[in-house]
Structures are given as C-alpha cells and as structure tokens.
Amino acid sequence: MKATYLDPAVGQYLLAHTTLPDEILDALAVETRELTGDDARMQISPDQGSFLTMITRLCGARNAVEVGTFTGYSSICLARGLAPGGGLTCFDVSEEWTAIARRYWEKAQVADLIDLRIGPAAERLLELPQHPAVDLAFIDADKAAYPVYYELLMERLAPGGLILADNTLRGGRVADPASDEETVRHMRAFNDMVTADERTTSVMLPIADGLTMIRKH
Ligand SMILES: C[S@@+](CC[C@H](N)C(=O)[O-])C[C@H]1O[C@@H](n2cnc3c(N)ncnc32)[C@H](O)[C@@H]1O
C-alpha cells in the first residue's frame, strides 16, 4: 500500500476491493524487489496499475506515452488498456532496468505494442511527432523535470487528451509546511503550475502517492 497518508486498515480494505493484478504483474513485482532492492519502491502500486488500465480503456486511447518505465509494471497496465491498433511509446534512461521490462512485455504479450526510447526524456520527447496526437500520457520519472515533460506532452496532446502525473502528493508532504525536501519543493511547484494552466482542467486523486489527472480542453 503506497498511500502512506491513509489509515493502514483503510488501505488494506481498499486493496481488498480493487481488481488484483494477474500472476505476470505479481511475478514482475517480486523480481523487481529481488533485482533492484530499495529501488523497487519506485514501482507503481497494484491499485494504481488497475486504475491505469481502466482509465486508458475508458479514454479509448490509441496513442499513449509513458515517461519513466523502470522494470515495466505501469507500461504493461497502460498497454493492456489500449484501443485495438493502439501503441505505447516509453521513455527511460536505463538500459538495465528496461531490459527487465522487455522480458515482461513478452510474457504479457504486449511487446508488439510498445516502442521503447532510451535516453534523457527531455531530449527524446522532442523527437515525438505532433501527429498523430497523443491521447494519454503518464509521467513518472525525475521530479525536477515534470514541468518540461508536461509542456512537451501538452504540445503533442489531442484536445480532450489526458496527462497523468504520478507522486504529486509525496506521501502527503506537499501539504506540510515543515517539509523542505527538494523533491517536495519540485512537486509543489509542478502542482501550482498545473492548477494555474488555463488550457486544462485537473483533478488530484489521493491514489497511491497522489496521481493528478489533467485534461486538455
Ligand atoms: C519511478 S520510476 C518509474 C516506475 C514505473 N512507472 C513503474 O511502474 O515501475 C522512474 C524512472 O524514471 C527514469 N528516469 C529518471 N530520469 C530520467 C530521465 N531524465 N529521462 C528518462 N527517464 C528517466 C528512471 O530510470 C526510472 O526507471
């Protein structure tokens, strides 16, 4: 349970009443813990994975983008929600972590739907054409660069398209005036920028570590 600001009993109840991940995602979570140790905390939570599949499907997304793939959990969830004929373009700097993702894309039978671009996402996103427009994008990489990813994606987003930004609550610390961590300051600045953006409407959801849904007008 990633939502650390929730009462643990409520968190367990919530998980018990959400569609569970399948054995492929469970195996990926176990292998990620074995191979990456503490870095495994970066992986999205099972309830968030179910949400990503559902929202991708509800949007009818055909052209989806992920910034921050790690070992592949969220990319499998996004790919599973794509409309027929759709595709997902993934951006990450790590060959090592995404090699695990590639293995699990094969197991999940979504490898043919995913195009992985290795390198700093702020540079590689510039190569993404404006057409076809992006229907849905998930941002889950280095927090300082969220505003850059947001602008690059907004330029490529279809009217009515969605950006989902992860970790926008930082364990609730964004709302704690005593918290002065660098990533918390970055996330407060990003959240303020999103709220002030008149091109969009947004909703901050208290799922996992905070997930903001931003819809372009
Ligand atoms: C929080 S993890 C992503 C977790 C993933 N969404 C999942 O469900 O497992 C963040 C990822 O962002 C990647 N990353 C960090 N800085 C980056 C950059 N400048 N460009 C592209 N990817 C970056 C890291 O290599 C890491 O895999």
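- In the nomenclature of an unreviewed UniProt entry, the protein chain is known as Class I SAM-dependent methyltransferase of Streptosporangium longisporum.

1. Observations concerning the site of the ligand
Piece 1. Residues in close proximity to the ligand total 19 residues, the closest being G68, S74, D92, A121 and D140.
Piece 2. One of the side-chain N or O atoms of D92 is found 2.7 Å from an oxygen atom in the ligand.
Piece 3. Here a nitrogen atom of the ligand and a backbone polar atom of A121 are 2.9 Å apart.
Piece 4. Isolated, the ligand exposes 610 Å² of accessible area, and the fraction of that covered by the protein chains is 89%.

2. Details of the sheet that holds strand β5 (residues 157–166)
Piece 1. Across the sheet, seven strands lie side by side as β3-β2-β1-β4-β5-β7-β6; this open sheet has mixed pairing. Only two strands of the sheet have a single partner each, and these edge strands are β3 (114–118) and β6 (200–205). Each adjacent strand pair in this sheet contributes to an overall mean axis angle of 15°, direction not counted.
Piece 2. Pairing between strand β1 (residues 63–67) and strand β2 (residues 87–92): five bridges, direction parallel. Paired with V67 across the strands is F91, a residue of β2.
Piece 3. In this fold helix α7 (residues 146–156) packs onto β1, β4 (134–139), β5, β6 and β7 (211–216), with an angle of close to 160° to the strand it touches most, β5.

3. Some remarks on the pattern of salt bridges
Piece 1. According to the stated counting rule, one finds 11 salt bridges in the structure shown.
Piece 2. In this structure, D22 and R80 form a salt bridge, with 2.6 Å as the shortest nitrogen-oxygen distance. Taken together, the residues D22 in the loop between α1 (8–16) and α2 (23–36) and R80 in helix α4 (residues 73–81) connect sequence positions 58 residues apart.
Piece 3. Here R80 falls in the partly exposed class, since its relative accessible area comes to 26%.
Piece 4. We note a salt bridge from D209 to R170, for which the minimum N-O separation is 3.9 Å. You can see D209 sitting in the loop between β6 and β7 and its partner R170 sitting in the loop between β5 and α8 (182–196), a full 39 residues away along the chain.
Piece 5. Of the residues examined, D209 reaches a relative accessible area of 10% and is grouped as buried.
Piece 6. Overall, R170 belongs to the buried group, its relative accessible area being 15%.
Piece 7. Taken together, the salt bridges that share partners define one network made up of E151, D197 and R199.

4. Here's the deal with α8
Piece 1. Look at α8: 21 Å from first C-alpha to last across 15 residues, which is about the 21 Å you get at 1.5 Å a residue.
Piece 2. Of the positions making up α8, those classed as buried are V184, M187, F190, N191 and V194. Mapping the buried residues of α8 onto a view down its axis gives an arc of 125°, with all of them on the same face. Every exposed residue of α8 that faces more than 90 degrees away from the buried side is listed here: E182, D192 and A196.
Piece 3. As for α8, its buried residues are in contact with α7, β5, β6 and β7.

Reading the values: the criteria
Residues numbered from 1 in each chain as written. Predicted model: local features only at pLDDT ≥ 70, side-chain atom pairs only at ≥ 80, totals over all residues. Heavy atoms only, no water. Near = heavy atom within 4 Å. Polar contact = N/O pair within 3.5 Å; in protein donor to acceptor, adjacent residues only side chain to side chain. Areas by Shrake-Rupley, 256 points an atom, 1.4 Å probe, with all protein chains shown as cover. Pairing = 2+ DSSP bridges. Helix = DSSP H or I, 4+ residues; strand = E, 2+ residues; numbered from the N terminus. Axes fitted to C-alpha atoms, helices over the stretch in contact; angles between N-to-C directions. Contact = heavy atoms within 4.5 Å. Salt bridge = Lys/Arg side-chain N within 4 Å of Asp/Glu carboxyl O. Buried < 20%, exposed > 50% of the residue type's maximum accessible area, 1.4 Å probe, protein only. Expected span 1.5 Å × (residues − 1). Arc of directions from axis to C-beta.

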